[in-house]
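Overview (structure and organization)
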Amino acid sequence: MTDHDIASLGNQLRLVYGSNKRQENPWKMYWTNYGGKIQSEIEKNNGWSYWNVNLEAKSYMDVFDHSKLVYFTSDSPNVCETLDPSKVYIVGGIVDHNKYKCLTYDKAKEQGIETAQLPIGKFLQMDSRKVLTVNQMIDILLSYGQTGSWETAFRSVIPKRKKACLKDASKAEEEETKADTKTEEAEKPEEAGTKTEEPETKTEPVNKS
């Protein structure tokens with residue numbers, strides 16, 4: 001990434017920290033591959049050393065159990081229906097996703113870890129690719145964690161300029177019902193709400209040579 005991209009990412013991470021800090025029950029966050037220019041950007045913030053964030057110089061592959069990792073990427077064919085408290089969710093630190101299409105998805109596939117995209121298409125008709133900034137992604141996840149509603153999270157976070165129009169709620173429910181009908185014979189997954197531990201989220205600066 002360029003110096004401008006890194007400065008922008010540093011600002012987004014500052015917003016991420018602020019959003020999480022304001023939560024009644026802040027989530028446990030890790031910033032991996034932490035160092036170099038992005039570290040210099042973060043250290044420009046007053047009081048950064050007191051931030052409640054786990055800063056790791058290592059990759060997430062060296063910090064977490066690979067079977068628990070889920071990489072959020074808009075290029076994934078898998079739609080995230082709910083958050084599983086036993087998983088570790090990854091938000092890649094890329095500023096211009098349009099310039100690096102499929103970068104994070106291809107990386108996750110090479111590493112052999114699970115991928116997922118947010119269910120934006122169920123509730124919004126976007127006038128551009130379904131890509132968001134790092135802080136917007138985290139804000140959506142935090143909002144969903146509070147409300148249990150993807151629609152509420154998307155409405156409150158996604159900028160109006162990115163929305164072609166909001167889908168009618170009944171239409172979204174109808175589409176979801178059709179999807180459920182196709183999988184009604186599948187084994188019912190464990191309810192995420194039965195566990196009290198919040199899911200861990202992390203961001204990783206991703207550099208493109």
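Here, every reference points to the structure presented above.
Residues numbered from 1 in each chain as written. Predicted model: local features only at pLDDT ≥ 70, side-chain atom pairs only at ≥ 80, totals over all residues. Heavy atoms only, no water.

Regarding the environment of Gln-23
Put simply, the rule is: Helical segments are the DSSP runs of H or I of at least four residues, strand segments are the runs of E of at least two, and each set is numbered from the N terminus. Contacts are residue-level and defined by heavy atoms, with any inter-residue pair within 4.5 Å sufficient. In protein, a polar contact requires one atom able to donate a hydrogen and another able to accept it; more generally it is a pair of N or O atoms within 3.5 Å, and residues adjacent in sequence count only if both atoms are side-chain atoms.
Within the secondary structure, Gln-23 is located in the loop between α1 (3–21) and β1 (29–31). When neighbours within four sequence positions are excluded, Gln-23 is seen to be in contact with Leu-142 and Gln-146. A polar atom in the side chain of Gln-23 sits 3.2 Å from the side chain of Gln-146.

Describing the environment of Asn-135
Definition in use: The buried label applies to any residue whose accessible area, calculated with a 1.4 Å probe on protein chains only, is under 20% of its type's maximum; exposed applies above 50%, and partly exposed to all values in between.
By secondary structure assignment, the location of Asn-135 is in helix α6 (residues 134–147). A relative accessible area of 13% means that Asn-135 is categorised as buried. Here the alpha-carbon distance between Asn-135 and Val-157, two residues 22 residues apart in the chain, equals 9.6 Å. Non-local contacts of Asn-135, meaning those with residues more than four positions away in its chain, are made with Gln-12, Leu-15 and Val-16. Reaching out from Asn-135, the side chain makes a polar contact with the side chain of Thr-133 at a distance of 3.0 Å.

Digging into the packing of aromatic side chains
Our working definition: The criterion for an aromatic pair is that two Phe, Tyr or Trp rings (for Trp, the six-membered ring) have centres within 6.5 Å, with stacked assigned to planes under 30 degrees apart, edge-to-face to planes over 60 apart and tilted to the rest.
According to the stated counting rule, one finds eight aromatic pairs in the structure shown. Taken together, a centroid distance of 4.9 Å and an interplanar angle of 85° make the contact between Tyr-30 and Phe-64 edge-to-face. Here Phe-64 lies in the loop between α3 (60–63) and β3 (69–72) and Tyr-30 lies in strand β1, a separation of 34 residues in the sequence. With 3.9 Å between their ring centres and 10° between their planes, Tyr-144 and Trp-150 make a pair best called stacked. We note that Tyr-144, like Trp-150, is buried. Among the aromatic side chains, those forming a connected cluster through ring pairs are Phe-123, Tyr-144, Trp-150 and Phe-154.

Here's the deal with the environment of Lys-37
Looking at the secondary structure, you find Lys-37 in helix α2 (residues 36–42). Along the chain, Lys-37 and Ala-7 lie 30 residues apart, while their C-alpha atoms are 8.6 Å from each other. Excluding residues within four positions of it along the chain, Lys-37 makes contact with Asp-3 and Ile-6.

Considerations on unusual backbone geometry
Backbone geometry at Asn-33 places phi at a positive 55°, although glycine is not the residue there. Checked against the element boundaries, Asn-33 lands in the loop between β1 and α2. Asn-33 sits in the partly exposed class, given a relative accessible area of 32%.

Focus: the packing of α1 against α6
This is how it is decided: An axis is simply a line fitted to the C-alpha atoms; with a helix, the fit covers only the stretch in contact. Between two such axes, the angle follows the N-to-C directions and lies from 0 to 180 degrees. Any angle that falls under 35 degrees is termed roughly parallel, while one over 145 is termed roughly antiparallel, one within 65 to 115 roughly perpendicular, and all others oblique. Crossings are assigned a handedness: left-handed for a near helix turned anticlockwise from the far helix by less than a right angle, right-handed for a clockwise turn. Here the term charged refers only to Asp, Glu, Lys and Arg, the term nonpolar to Ala, Val, Leu, Ile, Met, Phe, Trp, Tyr, Cys and Pro, and the term polar to all other amino acids, Gly among them.
It is the contact of α1 with α6, at a shortest axis distance of 8 Å, that shows an interaxial angle of 15°. In terms of orientation, α1 and α6 fall into the roughly parallel class. Between α1 and α6 the crossing geometry is right-handed. Contact residues: Leu-9, Gln-12, Leu-13, Leu-15, Val-16, Ser-19 and Asn-20 in α1; Val-134, Asn-135, Ile-138, Asp-139 and Leu-142 in α6. Split by residue class, the contact of α1 with α6 holds seven nonpolar, four polar and one charged.

Quick notes on the nonpolar core
Filter applied, for reference: Each nonpolar core is a collection of buried residues, namely Ala, Val, Leu, Ile, Met, Phe, Trp, Tyr and Cys, held together in the definition by side-chain atoms within 4.5 Å.
Trp-31, Phe-72, Leu-83, Leu-118, Ile-140, Trp-150 and Phe-154 are the most contacted members of the largest nonpolar core, which has 38 residues in total. Looking at this core, the elements with two or more residues in it are α1, β1, α2, β3, β4 (88–93), α5 (120–123), α6 and α7 (150–157). The greatest single-element share of this core, amounting to seven residues, is contributed by α6. Non-local contacts of Leu-118, meaning those with residues more than four positions away in its chain, are made with Phe-72, Val-79, Met-137, Ile-140, Leu-141, Trp-150 and Phe-154. The next biggest cluster of nonpolar side chains, apart from the first, holds 10 residues, and it includes Tyr-30, Tyr-60, Met-61 and Tyr-71.

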